[in-house]
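Tertiary structure, described
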Amino acid sequence: LRQGSLRSMLRALGSAAKKAFGRTSKHAKGAQKRSMGGGSYDKMPGNVPLEIGVALLVGVGGGMWVRNWTQNDIKDWAPSAKNPWKDEMSSKPNTKGGAKPAEPKASPSDTAAFDSWVIKMKNSSPSDPKDSDDFKYITFTEVPPFTAAHKSLMSKVLTPALFEQLKNKVSSKGFTFSNAIQCGVLKPHLGVGATAGDEECFELFKDLYYPIVQGWHKFDPYTQTHKSDLNPENLTFTRSQQVLFDKYVVSTRVRAARNISGYALPCGANPKERNGVELVLKEAFAAFDGELKGKYYPLGALSKSDEDMLQSNGFLFQKPGPAQLLAVAGAARDWPNNRGIFHNDSKTALAWCNEEDHCRIISMQNGGDVWSVFARFCKISDTIKEAAESNGAKLMFSDRLGFLGTCPSNLGTGLRASVMIKLPELNKDPLALEKICDEFDLQPRGSSGEHSAAVGGKWDVSNKQRIGFTEVQLVQKMIDGITKIIAMEEELAAANAG
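The structure presented is a predicted model; accordingly, all values stated were derived computationally and were not measured. (Residues numbered from 1 in each chain as written. Predicted model: local features only at pLDDT ≥ 70, side-chain atom pairs only at ≥ 80, totals over all residues. Heavy atoms only, no water.)

1. A few points about the sheet that holds strand β8 (residues 416-422)
On the basis of which strands lie adjacent, the open sheet formed by eight strands has the order β2-β3-β4-β5-β1-β8-β10-β9 and antiparallel pairing. In this open sheet, the two strands that pair with only one neighbour each are β2 (294-298) and β9 (442-445). Averaged over all adjacent pairs, the angle separating strand axes in this sheet is 15°, with direction ignored. Strands in contact with helix α10 (residues 239-248) are β1 (249-258) and β8; relative to β1, the strand with the most contacts, it is inclined by about 105°. (Pairing = 2+ DSSP bridges. Helix = DSSP H or I, 4+ residues; strand = E, 2+ residues; numbered from the N terminus. Axes fitted to C-alpha atoms, helices over the stretch in contact; angles between N-to-C directions. Contact = heavy atoms within 4.5 Å.)

2. Overview of the layout of surface pockets
Over the atoms rolls a probe the size of a water molecule, and in doing so it shows where empty space is left. There is about 240 Å³ of room inside the second largest pocket. Around the second largest pocket sit 14 residues that line it, and Ser251, Arg253, Met364, Gln365 and Asn366 are the ones nearest its centre. Broken down by secondary-structure element, the contributors of at least two residues to the lining of the second largest pocket are β1, β5 (359-366) and β8. Residue classes in the lining of the second largest pocket are distributed as four nonpolar, seven polar and three charged. (1 Å grid on protein atoms, 1.4 Å probe; cavity = no way out; pocket = protein on both sides within 12 Å on 5 of 7 lines; lining within 4 Å. Points joined across faces, edges and corners; volume = space filled by probe spheres on them. Nonpolar A, V, L, I, M, F, W, Y, C, P; charged D, E, K, R; others polar.)

3. Some words on the nonpolar core
Ranked by internal contacts, the top residues of the largest apolar core, which has 57 residues, are Phe374, Phe377, Ile384, Leu415, Ile421 and Ile482. Per element, the largest residue contribution to this core is nine residues, and it comes from helix α14 (residues 370-390). With sequence-adjacent residues up to four places away left out, Ile482 is seen in contact with Phe245, Val419, Ile421, Leu442 and Val461. The next biggest cluster of nonpolar side chains, apart from the first, holds 45 residues, and it includes Phe163, Phe205, Leu208 and Val213. (Core = buried A, V, L, I, M, F, W, Y, C linked by side-chain atoms within 4.5 Å. Buried < 20%, exposed > 50% of the residue type's maximum accessible area, 1.4 Å probe, protein only.)

4. Some thoughts on helix α16 (residues 471-497)
Counted at 1.5 Å a residue, the expected span for α16 with its 27 residues is 39 Å, and the 39 Å between its end C-alpha atoms agrees. Where α16 is concerned, the buried positions are Glu471, Val472, Leu474, Val475, Gln476, Met478, Ile479, Gly481, Ile482, Ile485, Ile486 and Glu489. (Expected span 1.5 Å × (residues − 1).)

5. As for unusual backbone geometry
Residue Pro336 follows Trp335 across a cis peptide bond; omega there is 5°. Examined against the element boundaries, Pro336 turns out to sit in the loop between α13 (325-329) and β3 (340-344). Positive phi, normally seen in glycine, also occurs at Asn338, with a value near 60°. Look at Asp441: it is not a glycine, yet its phi comes out positive at around 55°. Take Asp441: it is sitting in the loop between α15 (430-439) and β9.

Nothing here speaks to function; it is geometry throughout.
Shown next, in the form of structure tokens:
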């Protein structure tokens, strides 16, 4: 349409709307004066029909676009009849504008039946030697009647035949198969749904754990083995890379869990074993020297000032809530006894005692000196290993599964190496950042989860993998990936500046 014809059409549309809705130019003029603080608007009445016409055209057209966009979005995520939950367990990121497929929900009747079954199991369960005043284990005599809401890998793996095969097996420390699956049975939202109570469990219940490991890590412990490399000299990280990293990286962190062989894990430990673990770790902390020298804070004996200090630094961990894995699996019994926190004087080394695992170790510092952070992490791990060996023990380690721990999601290296990095240019295109990260098996996290931009352009980028690669290999992947990310960031900045 020519400009004059379009203008005439819009005026006609506006005039019709004005008659329909009773809006006169006088009303418009008065409203405009009230909202704008008065003034002269002598020319305004003649333009009102045109403005109304434009508004209606934009409103109707925009409404139709939103309707079509919404319907297409719903259509994209509508489950197929052949496989209604095909996306539920997918590891591929969703790139359809942030929409997520609806999670399966159990029907009210299925939920009621399941709840009744749990009550029956609770009421018929014999006492467990590990029971405490604040927690009771359940003995499952029947395969759980999982509902559509149960999404854990355990619930997918546990067939009636496998349940019959494993239900009566008990480790030498008294951890039962029912203990192992309790968290996933009672809490449908969990992703893994199983825990280990001691290192023997990984052999005793391997027909449950191994398929879970396969599903979670894409690693086959039946045929593959895991190796460790905690020598920071094997990393390639040049001085020029460090200078570049310091320009963009706000902070660097490396963390993993370590557990002492011969002691039950937190989900299966009794007070005596929990105390034994704490004594071994306190010996290790006392042996820290140089930059690692620091102080251990027993969680049950914190002063108000110490609690405030640990809280303000983000070092304090709390008793798990009733919906969390640790509470449902029995790891929070007798809280806060024999739990504690260590940090060095410069607050670049942190260790948690008897939380999810025997010891969670964290090396961290401001800036991008990845080599120094990893070297410190290795020294912490080696010192804990030496302390265990001096007590006639060792760290839990398997040639097939690597470092062992409470949750099958943290096997192998159990390592998460991460940087907080400023990326103002790539922050404008999160999907481009994800594509680069995928090349190096890295996971970028924005302020609102996957596929979202980060407030201030600060991203958390870490390794995705845990098992099947050594610690050095995983940290090297992060270094190489961040190097490429920074190069892309600088290319975009130069292009935009030009």
